[in-house]
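# Structural overview for review
These are the residues of each chain, in order.
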Amino acid sequence: MKRTFLITGGVLALASIATMRSIPGQGGDLPVLHWVTDPHPARVEQIATYYEWLDRHDYPRMQVFLDAANAEITKKLIQGVSGVGGEIVDCNRAKRDLLVFHGVGMLEDVTDEAQALGFSTDQTYPSMEEAITVDGRQFGFPRNVSTFMFWVNRQTFDNLGMKQPPQVWDWAEFERVGKEFVARANAGANRTPAFFLLPDQTDQMALPVVMMRGLGQSLFNETMTASTLDDPRTIEVLETIHRWTFEERLLPTAADRASFTTSSGFGGPALQLFREGRVGMVMMGRYALLQLRRFDEPLQLAVSEPPAERYRNTLIMGGISSVYAGAENKELAAYFLAYLASEGYNMQIVRDADGLPPNPRFTETEAFLRPPEHPNEWGVHEVFANAAKEIAIPYDYNEFILPTATSRILDSHYEAFMNGLIDAPTAAYRMQRDLDAEIQRNLRDRPQLAEKHARLLAAQREIDALKQAGEPVPASLLRNPYHLALQRRADTPRAE
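Here the residue numbers are simple positions, counted from 1 along each chain's written sequence. Selection of residues for local features in this predicted model requires a pLDDT of at least 70, selection of side-chain atom pairs for listing and counting requires 80 or more, and totals for whole chains, interfaces and linings are taken over all residues. Side-chain numbers come from the whole structure's heavy atoms, not from hydrogens or water.

## Structural notes on the overall build of the protein chain
Selection rule: Here a strand is any run of E in DSSP of at least two residues, a helix any run of H or I of at least four, and the numbering for each starts at the N terminus. With the radius of gyration taken over C-alpha atoms, the globule rule is written as 2.2 Å times the number of residues to the power 0.38. For every residue, the accessible area obtained with a 1.4 Å probe (protein chains only) is divided by the maximum for its type, and the residue is called buried under 20%, exposed over 50%, and partly exposed between those limits. Contact between two residues is taken to exist if any of their heavy atoms lie within 4.5 Å; hydrogens are not considered. In these tables, accessible area is a Shrake-Rupley quantity obtained with a 1.4 Å probe, and a residue counts as shielded only by the protein chains included in the view. By the counting scheme adopted, Arg and Lys are positive, Glu and Asp are negative, and His together with the chain ends is not counted. To locate a charge, the coordinates of NZ of Lys, CZ of Arg, CG of Asp or CD of Glu are taken.
Helix and strand counts for the protein chain come out as 21 helices and 14 strands. Taking 2.2 N^0.38 as the reference for a compact globule, 496 residues should give roughly 23 Å; the C-alpha atoms of the protein chain span a radius of gyration of 25 Å, in line with that estimate. A burial count over the protein chain gives 55% of its 496 residues as buried. Pairs at least 24 residues apart make up 73% of the contacts formed inside the protein chain by residues separated by at least 6 positions. Put simply, the protein chain shows about 21,500 Å² of open surface, and 51% of that area lies on carbon and sulfur atoms. Computed over 50 positive and 65 negative side-chain charges, the separation of the two mean positions in the protein chain equals 3 Å.

Structure, rendered in structure tokens:
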């Protein structure tokens with residue numbers, strides 16, 4: 001009997017070893033990378049083409065496992081500070097997440113590897129450089145890029161006997177066309193009202209921030225050492241959005257949005273309403289095509305920029321892949337970031353339409369501009385690409401205040417204003433007051449950060465003196481991506 005047990009135990013042990021070895025990366029010879037990202041269906045194809053890319057370049061072989069169960073930012077943060085993070089960490093909301101992870105020392109500086117392997121900042125859009133760097137050092141590479149634009153359902157406007165909105169417009173034209181749209185769309189109707197525009201549903205501050213920037217106003221000053229929101233331009237934007245929402249009914253209220261009950265997906269109910277003609281336009285990136293292409297009948301599409309008074313602009317975001325500083329195989333993870341700049345990966349994004357390809361070179365291909373299976377989209381892709389190259393600017397997030405705290409403060413006072421609890425001047429005042437208070441709290445807790453803040457305050461005093469004297473402000477003094485972008489434009493030679 002004893003012999004039988006020993007033989008049975010031995011067989012089971014061998015079977016266990018064989019089973020373990022049959023699982024890729026478990027007991028095999030290849031090192032394993034864990035990619036902590038969202039569960040997008042394209043990830044399997046992207047990993048397969050990564051293996052082909054490694055072989056083609058004779059790079060070290062490795063295996064990549066998807067970890068979609070821990071893609072939420074707090075899980076990644078907890079795992080990172082606990083020393084058990086995945087080798088490749090995605091920053092799903094670009095600089096916002098990157099600064100959070102960088103602040104706790106999770107991210108590896110990949111500047112040297114980027115130069116050696118060909119994924120340095122010159123391989124993506126100039127406006128994304130600020131999103132993947134901190135103090136001039138690179139901490140990731142985009143896996144896709146999004147610019148917020150207004151998708152237009154041309155059929156909806158045709159049905160109402162209206163021309164499609166212009167690609168470039170100001171507030172007055174937006175309001176004029178919008179009032180005509182809601183008047184015609186809701187004429188004699190005893191049903192749920194139709195709206196001209198459904199703003200971005202994932203970031204309610206996206207439209208106000210773009211409109212403020214169109215007036216020359218930013219969240220923070222030129223050195224990002226303090227907020228500048230207690231300003232007449234902030235008040236003008238808030239009151240304009242309020243009028244468009246509650247008086248002109250161009251935009252839905254929070255109660256209207258809560259009543260939307262159609263099914264979700266990439267883009268949620270917004271694109272169902274868009275398809276049905278219940279909204280004329282939706283504010284969203286090129287990734288909207290992930291759902292738009294699922295509809296039985298192809299929509300006839302166009303794209304408009306957000307309306308701007310003085311400076312055309314929009315927000316640029318996207319996903320960034322970074323290397324976890326505490327990973328065992330972090331030197332191999334740099335190859336994955338290099339793959340994100342390659343033709344194989346970028347052409348997959350071109351075909352899939354999950355945003356813009358991270359390398360702008362591939363937005364000039366015929367496959368991007370005129371996908372043969374989607375002729376209804378011809379003419380829209382270059383609008384997103386051109387926006388990313390010419391007018392898009394990332395959020396002016398900075399290390400003096402957590403981006404999540406910035407969003408929390410802005411959201412709370414914006415909602416209080418839109419719900420009628422405070423007026424616009426009070427909302428602008430409280431936004432600036434609370435952002436500055438949060439900056440000061442961080443400086444008290446982090447002396448090293450306080451030293452840097454003090455150095456930049458000296459630069460800010462120099463900037464303020466130059467502006468007071470009507471002199472140009474040199475770019476070397478600027479740290480805010482918004483002010484840097486304005487200065488790069490030929491028509492805006494000095495910071496506002």
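## Focus: the packing of helix 2 (residues 43-56) against helix 14 (residues 330-340)
This is how the line gets drawn: Note on method: axes are straight lines fitted to C-alpha atoms, helices fitted across the in-contact stretch only, with angles between N-to-C directions ranging 0 to 180 degrees. Note that the term roughly parallel is reserved for angles under 35 degrees, roughly antiparallel for angles over 145, roughly perpendicular for angles of 65 to 115, and oblique for everything else.
It is the contact of helix 2 with helix 14, at a shortest axis distance of 11 Å, that shows an interaxial angle of 105°. As judged from the angle between their axes, helix 2 and helix 14 are roughly perpendicular. Residues Gln46, Thr49, Tyr50, Trp53 and Leu54 of helix 2 form the contact with helix 14, whose own contacting residues are Leu332, Tyr335, Phe336, Ala338 and Tyr339.

## Section: the packing of aromatic side chains
For the record, the criterion: Between the rings of Phe, Tyr and Trp (Trp by its six-membered ring), a pair exists once the centres lie within 6.5 Å; its type follows the angle of the planes, with under 30 degrees stacked, over 60 edge-to-face, and the other angles tilted. Sitting over a ring, as applied to charges here, requires NZ of Lys or CZ of Arg to be within 6 Å of the ring centre and within 35 degrees of the ring normal.
The tally for this structure, following the rule as stated, stands at 22 aromatic pairs. Measuring from ring centre to ring centre gives 5.0 Å for Trp151 and Phe384, while their planes differ by 40°; the resulting arrangement is tilted. A residue pair is termed long-range when its members are at least 10 positions apart, and Trp151 in strand 8 (residues 149-153) and Phe384 in helix 17 (residues 381-390) qualify at 233 residues. In textbook terms, an aromatic cluster arises when at least three aromatic residues are bridged by ring pairs, as seen for Trp35, Tyr50, Tyr51, Trp53, Tyr59, Tyr335, Phe336, Tyr339 and Tyr345. Here the guanidinium or amino end of Arg275 rests over the ring plane of Phe295, the centre of that ring lying 4.9 Å away. The positively charged end of Arg370 is found above the aromatic ring belonging to Trp378, 3.9 Å away from the centroid.

## Some words on the pattern of salt bridges
To keep things clear, this is the line we draw: When a carboxyl oxygen of Asp or Glu lies within 4 Å of a side-chain nitrogen of Lys or Arg, that pair is called a salt bridge.
Using the criterion set out here, one finds 29 salt bridges in the structure. Ionic pairing is found between Asp203 and Arg93, a salt bridge with its closest N-O pair at 3.8 Å. Here Asp203 is found in the loop between strand 9 (195-198) and helix 9 (206-214), whereas its partner Arg93 is found in the loop between strand 3 (88-91) and helix 4 (95-103), with 110 residues between them in sequence. The partly exposed category is assigned to Arg93, whose relative accessible area is 22%. Among the ionic contacts, a cluster of salt bridges with common partners joins Asp38, Arg43, Asp90 and Arg143.

## Description of helix 20 (residues 447-468)
As a reminder, the rule being used: One less than the residue count of a helix, multiplied by 1.5 Å, gives the span that helix is expected to have. Within this analysis, the arc is defined by the directions that extend from the helix axis to the C-beta atoms.
Between its first and last C-alpha, helix 20 extends 31 Å over 22 residues, near the 32 Å set by a 1.5 Å rise per residue. Within helix 20 the residues assigned to the buried category are Leu449, Lys452, His453, Leu456, Ala459, Gln460, Ile463 and Leu466. Along the long axis of helix 20, the arc covered by the buried residues comes to 125°, so they all point the same way. Residues of helix 20 that are exposed and angled more than 90 degrees away from the buried face: Pro447, Glu451, Arg455, Arg461 and Gln468.

## Some details on helix 2
The terminal C-alpha atoms of helix 2, which comprises 14 residues, lie 20 Å apart, in line with the 20 Å expected from a rise of 1.5 Å per residue. Buried residues of helix 2: Arg43, Gln46, Ile47, Thr49, Tyr50, Trp53 and Leu54, and no others. The buried residues of helix 2 all sit within an arc of 165° when viewed along its axis, so they share a single face. Exposed side of helix 2, more than 90 degrees from the buried face: Val44 and Arg56 are the residues found there. Asp58 sits one or two positions beyond helix 2 and adopts a positive phi of about 55°.

## Considerations on unusual backbone geometry
Not every positive phi belongs to a glycine, and Asp135 is a case in point at roughly 50°. Tracing the backbone through its elements, the reader meets Asp135 in the loop between strand 4 (133-134) and strand 5 (137-138). Accessibility expressed as a relative area gives 54% for Asp135, which makes it exposed. For Ala353, which is not glycine, the phi torsion reads 70° and is therefore positive. Looking at the element boundaries, Ala353 is found in the loop between helix 15 (343-352) and helix 16 (366-369).

## Examining the pairing of strand 1 (residues 32-36)
Stated precisely, the cut-off is as follows: Only strands joined by at least two bridges in the DSSP assignment are considered to pair. Look down the strands so they point away from you; if the path from the first strand over the helix to the second goes clockwise, the crossover is right-handed.
Burial within strand 1 is extensive, with 4 of its 5 residues counted as buried. Taken together, the 5 bridges between strand 1 and strand 2 (residues 63-67) define a ladder with parallel strand orientation. Paired with Trp35 across the strands is Leu66, a residue of strand 2. Following the backbone out of strand 1, through helix 2 and into the adjacent parallel strand 2, one traces a crossover that is right-handed. Bridge analysis of strand 1 against strand 3 gives 2 bridges, and the strand direction is parallel. In the sheet register, Val36 faces strand 3, and the bridge partner there is Val89.

## Observations regarding the nonpolar core
Quick note on the threshold: The set of buried Ala, Val, Leu, Ile, Met, Phe, Trp, Tyr and Cys residues whose side-chain atoms join them within 4.5 Å is what this entry labels a nonpolar core.
Trp151, Phe174, Phe196, Phe274, Met281 and Leu292 are the most contacted members of the largest nonpolar core, which totals 117 residues. In contact with Phe196, not counting residues within four places along its chain, are Phe157, Trp169, Phe174, Val177, Gly178, Phe181, Val182, Leu250, Val279, Gly280 and Met281.

## Some thoughts on the environment of Asp436
Position of Asp436 relative to the elements: it lies in helix 19 (residues 424-445). The sequence separation of Asp436 and Lys467 amounts to 31 residues, and the corresponding C-alpha distance is 22 Å. Excluding residues within four positions of it along the chain, Asp436 makes contact with Ala226 and Ser227.

## Quick look at the sheet that holds strand 10 (residues 279-284)
Strand order in the open sheet formed by 4 strands is 9-10-8-11, with mixed pairing between adjacent strands. Whereas interior strands pair on both sides, the edge strands pair on one side only; in this sheet they are strand 9 and strand 11 (301-304). Across the sheet, the axes of successive neighbouring strands diverge by a mean angle of 25°, strand direction being ignored. Relative to strand 10, strand 8 is paired through 4 bridges, and the arrangement is antiparallel. Across the sheet, Trp151 pairs through a bridge with Val282, a residue of strand 10. The sheet contacts of helix 17 involve strand 8, strand 10 and strand 11, and relative to strand 8 the element is tilted by about 170°.

## Notes on a negative patch on the surface
The condition is simple: Without a salt bridge and with relative accessible area above 30%, a residue can belong to a patch; like charges are then joined within 9 Å and nonpolar side chains (Val, Leu, Ile, Met, Phe, Trp, Tyr) within 5 Å.
Together, Asp170, Glu236, Glu239, Glu309 and Asp423 give the surface a local cluster of negative charge. Along the chain, the position of Asp423 falls in the loop between helix 18 (403-418) and helix 19. Given a relative accessible area of 41%, Asp423 falls into the partly exposed group.

Limitation: the analysis is restricted to geometry and does not speak to function.
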